[in-house]
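# Observations on the model geometry
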Amino acid sequence: MSEKLHISGAEAVIRCLLAEGVDLIYGYPGGAIMPVYDELYKFQDQLNHVLTRHEQGATHAAQGYARTSGKVGVAVATSGPGATNLITGIADAQIDSTPLVCITGQVAAHLLGSDAFQETDIIGISTPVTKWNYQITRAEEIPEIMAKAFYIARSGRPGPVLIDITKDAQFATFDYSYKKCTGVRSYRAVPKLDQAQVEAAAAAINGAKKPLIVWGQGVILGEAEAAFKAFVEKTQIPAVWTILGLSALETDHPLNKGMVGMHGNYAPNLLTQECDVLIAIGMRFDDRVTGRLDAYAKQAKVVHLEIDPAEINKNVHADYPVLANCKESLEALTPLIETKKLDTWMARFDELYAKEYEAVIEKDLKPSKEGLTMGEVMVEINKASKSDAVIVTDVGQHQMVACRYASFVRSKSNVTSGGLGTMGFALPAAIGAKMGAPDRHVVAVIGDGGYQMTIQELGTIFQTGVGVKIVVLNNNFLGMVRQWQQLFFDKRYASTEMTNPDFVTIAKGYHIPAKKVTDREDLAGAVEEMLATEGPYFLEVVVEKEDNVFPMIPTGASLTEIRLN
Amino acid sequence: MSTELTRYTISIYSENNVGLLNRISAIFLKRHINIESLTTSLSEIPDVFRFVIVVIVTEPQVQKLVQQIEKQVDVIKAFYHTDEETIFLETALYKVKTNFLFEERQIQNYIKESHASIVTVAPEYFVIEKTGFRHETDKLREQLAPFGLLQFVRSGRISVSKAPMGISEILNSFKENLT
Ligand SMILES: Cc1ncc(C[n+]2csc(CCOP(=O)(O)OP(=O)(O)O)c2C)c(N)n1
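Residues numbered from 1 in each chain as written. Chains lettered and ligands numbered in written order. Predicted model: local features only at pLDDT ≥ 70, side-chain atom pairs only at ≥ 80, totals over all residues. Heavy atoms only, no water.

Within chain B one finds six helices and nine strands. Taken against the 2.2 N^0.38 rule, which gives 16 Å for 179 residues, the C-alpha radius of gyration of chain B at 20 Å runs more than 25% over that of a compact globule. Based on the C-alpha atoms only, the size of chain B along its principal axes is roughly 70 × 35 × 30 Å. Considering chain B as a whole, with its 179 residues, one finds that 45% of them fall into the buried category. In chain B, the share of contacts with a sequence separation of at least 24, taken over all contacts with a separation of at least 6, comes to 74%. The distance from the centre of the 20 positive side-chain charges to the centre of the 22 negative ones in chain B is 3 Å. (Helix = DSSP H or I, 4+ residues; strand = E, 2+ residues; numbered from the N terminus. Rg over C-alpha atoms; globule rule 2.2 N^0.38 Å. Buried < 20%, exposed > 50% of the residue type's maximum accessible area, 1.4 Å probe, protein only. Contact = heavy atoms within 4.5 Å. Lys, Arg positive; Asp, Glu negative; His and termini not counted. Charge placed at Lys NZ, Arg CZ, Asp CG, Glu CD.)

Residues and elements named next belong to chain B. A cluster of nonpolar residues, Leu93, Val119 and Val153, forms a patch on the protein surface that exposes about 250 Å² of accessible area. Mapped onto the elements, Val153 comes out in strand 8 (residues 151–154). For Val153, a relative accessible area of 47% translates into the label partly exposed. (Patch = residues over 30% accessible without salt bridge, like charges linked within 9 Å, V, L, I, M, F, W, Y side chains within 5 Å. Areas by Shrake-Rupley, 256 points an atom, 1.4 Å probe, with all protein chains shown as cover. Salt bridge = Lys/Arg side-chain N within 4 Å of Asp/Glu carboxyl O.)

All names here are of chain A. Each assigned domain of chain A is listed with its residue range as follows: domain 1 (5–176), domain 2 (195–349) and domain 3 (366–542). Centre-to-centre separation of domain 2 and domain 3, based on C-alpha positions: 30 Å. In this assembly, 18 residues from domain 2 lie in contact with 19 residues from domain 3. It is Ile243, Ser247 and His263 in domain 2 that bury the most area against domain 3; as a group they hold 38% of the surface buried on that side. Here the residues of the side of domain 2 that touches domain 3 sort into eight nonpolar, five polar and five charged. (Domains from an automatic or database assignment. Buried area = accessible area lost by both parts, 1.4 Å probe. Nonpolar A, V, L, I, M, F, W, Y, C, P; charged D, E, K, R; others polar.)

The subject of this paragraph is the sheet that holds strand 4 (residues 75–82) of chain B. Residues and elements named next belong to chain B. Sheet architecture is open: four strands sit in the order 2-3-1-4, paired in antiparallel fashion. This sheet does not close on itself; its edge strands, each paired only once, are strand 2 (37–42) and strand 4. Neighbouring strand axes in the sheet, compared pairwise and without regard to direction, differ in orientation by 20° on average. Packing against the sheet, helix 1 (residues 20–30) makes contact with strand 1 (6–14), strand 2, strand 3 (49–57) and strand 4, and its axis sits at approximately 15° to strand 3. Sitting on the sheet, helix 2 (residues 59–71) is in contact with strand 1, strand 3 and strand 4, with an inclination near 165° to strand 4. (Pairing = 2+ DSSP bridges. Axes fitted to C-alpha atoms, helices over the stretch in contact; angles between N-to-C directions.)

This part is about helix 3 (residues 55–69) of chain A. All names here are of chain A. Spanning 15 residues, helix 3 covers 21 Å between terminal C-alpha atoms, matching the ideal 21 Å at 1.5 Å per step. Buried residues dominate helix 3, accounting for 14 of its 15 residues. Gly70, located one to two residues past helix 3, shows a positive phi value of around 75°. (Expected span 1.5 Å × (residues − 1).)

Another point: the site of the ligand. All names here are of chain A. Taken together, 18 residues sit near the ligand, with Gln397, His398, Gly421, Gly450 and Gly479 positioned nearest. Here Gln397 contributes a backbone N or O atom positioned 2.8 Å from an oxygen atom of the ligand. Asp448 is positioned such that a nitrogen or oxygen atom in its side chain is 3.2 Å from an oxygen atom of the ligand. The protein chains hide 76% of the 590 Å² of surface that the ligand would expose on its own. For the shell around the ligand, the elements supplying multiple residues, two or more each, are helix 17 (397–405), helix 19 (448–451) and helix 21 (479–488). (Near = heavy atom within 4 Å. Polar contact = N/O pair within 3.5 Å; in protein donor to acceptor, adjacent residues only side chain to side chain.)

Turning our eyes to something else, we now look at the sheet that holds strand 14 (residues 320–323) of chain A. All names here are of chain A. In space, the six strands of this open sheet follow the order 11-10-9-12-13-14, with parallel pairing throughout. Two strands close off the open sheet at either side, each with one partner strand: strand 11 (256–259) and strand 14. Taking each pair of neighbouring strands and ignoring which way they run, the sheet shows an average axis angle of 20°. Where strand 9 (residues 211–215) and strand 12 (residues 277–281) come together, five bridges link them in parallel fashion. Considered in strand 12, the bridge of Leu212 is made with Leu278. Against the sheet, helix 11 (residues 225–235) contacts strand 9, strand 10 (239–241) and strand 12, and its axis sits at roughly 165° relative to strand 9.

Applying the stated criterion across every chain yields a total of 35 salt bridges over all chains. Residues Glu140(A) and Arg138(A) are paired through a salt bridge, measuring 3.9 Å at the closest nitrogen-oxygen approach. What makes Glu140(A) partly exposed here is its relative accessible area of 46%. Between Arg141(B) and Asp138(B) there is a salt bridge whose closest N-O contact spans 3.6 Å. One end of the pair, Arg141(B), and the other, Asp138(B), are both in helix 5 (residues 134–144), three residues apart, so they sit about a helical turn from each other. Given a relative accessible area of 32%, Arg141(B) falls into the partly exposed group. One network of salt bridges, with partners in common, ties together Arg157(A), Asp308(A), Glu311(A), Lys314(A) and Lys71(B).

Shown next, in the form of structure tokens:
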């Protein structure tokens, strides 16, 4: 682009965003970022700014947007408290590899270090939770740094980048021109695929008798869904997912055998301990997945397809690492793999599923007791949406239940806070998720606890009219913590019972149509009505107070110790 | 792989950016690992900075540290070495009252024996410099302590590896990054 303009730093920020194809940002104004907001006003026909009700909401909304659209999410805040309020969302994006560019205002350069009003060392604070960050003190730096920020956020293993801009740099004028960033000399975004690694991995997989695929979000971030499906179908190897890998392969696929981890399915967890070759694809062996590490899949040779060299051997030793974008490595690997007949091995999955069905799933989905279960709510959402909704979850029991029972036919449909487990994530993330996928149903499934952590974002929903469907599964408890108190602390329910407000009245205060369901017979109709309603909708479902989520692998236990009750 | 605590020298080639030191030290902080010493300087390559960090950890730990360091956008390359694989030194300065230099023969002997040198002599104090291994600078400190050291300071380790670092090849591969 050979645009030559003499403009302010603030206008340059907006032009850089436009040059990166950004048409939607989330944020909250304040003193140190006002020059940028003034320019936003002038560019409002090209760049839509969504005013969230808290800066944390801006980052989560940007995350939701990034997760469903595959684009970089942008959040803007002022210095000091505005900037620190972004941190939870940034940390969440860092651990879940979500591409974000966060822009914060800063006090004028000559005031740095003087404890000026609303000065905070946001570079220092955000360093451990960003992929990269940078403080701009001169307007001339803006185009190059903004270009670099977008490149770094989206390339390789994505992540959040924070750019802090002093107020004087926003005011100063300079000759602006923009050039997209195509590389940074010290940074190799994607390792070069090594054919020898591919061949070694292929030989290991071909020699396997009881192979197991565990896939994670890398498949989605690498846009490798088709390559992944081709690999799974060619190899005929059973495949199981981490919570962030969910929806990369449709739920009904015969080789999709469910979820691994603390509240994952019985067969995937137990058979991790029996497989002879474990093929990990775009996943990072989080402790919620592995349970006790020194007892994890010890019998198996591990093939690890991964884009981030720092993940190799971090938690689990990789016998056959393959470093590259997993789309590339899968496409190289598939032609080298022989199709397997694994009938006896496959039968083990069915056998263990039957056990889990009897002990857990049937009670969750077709309860015979009076109280509603979270599982049956998911069944109704699946039905009414034809398994094609984006499901956004918060953190807790409802999250585990939703991920276990939601069914999907499309990728990028599961938005949840996995690595950080951030309560309060779902409501703002759902706003972004809907804006990133405006033609889809977006259903936020939230606990009564987490809902109240960012409930103020109802204001954003009302103001923008964004068609988010909110389902609060109300058990009047911080359910997941209560479950642990019941199982491991002799039912001493310390500070987990909630006295809740009238959620329907609150939603109505924001002019959002709202309903409360307490009886099973009203559930299906209410979910249908919710999805049929134009625009936002709030549905509270009162569920059984003291239900527990099973299966469960207690913290520090090995996968073999998985409990069905 | 050795799970014994060992002293490792981590060498980092990087861009020279404000904040990178913070980003690198955060990697140690996050893992509750203490840094024994840290030096930053120019490297043999113009525009490329070098960190030398000494830590006492196990080999799996140092490997993961180096992986995390290398992952940082502004880091070009990081290595780790044991003491046997590097040539390393530290420099120490010792400030002592000048009258001892003339009144205590022993001080002159210590300086001679340890191959230290006198950097400056002022009316009130004089300064000894000693470059060498940790145990050598420690020994001289113990010897001088009875005379009342006015000041003692020791630099972080500087180190070069015995094996080549291959930085020029790495620099060439930068060019691929910039396509
Ligand atoms: C910000 C934050 N604070 C605390 C926690 C710890 N925590 C994990 S789950 C949970 C309970 C969640 O309760 P609720 O939102 O009602 O959902 P439920 O488990 O009942 O479905 C808590 C407190 C957390 N994950 N995030």
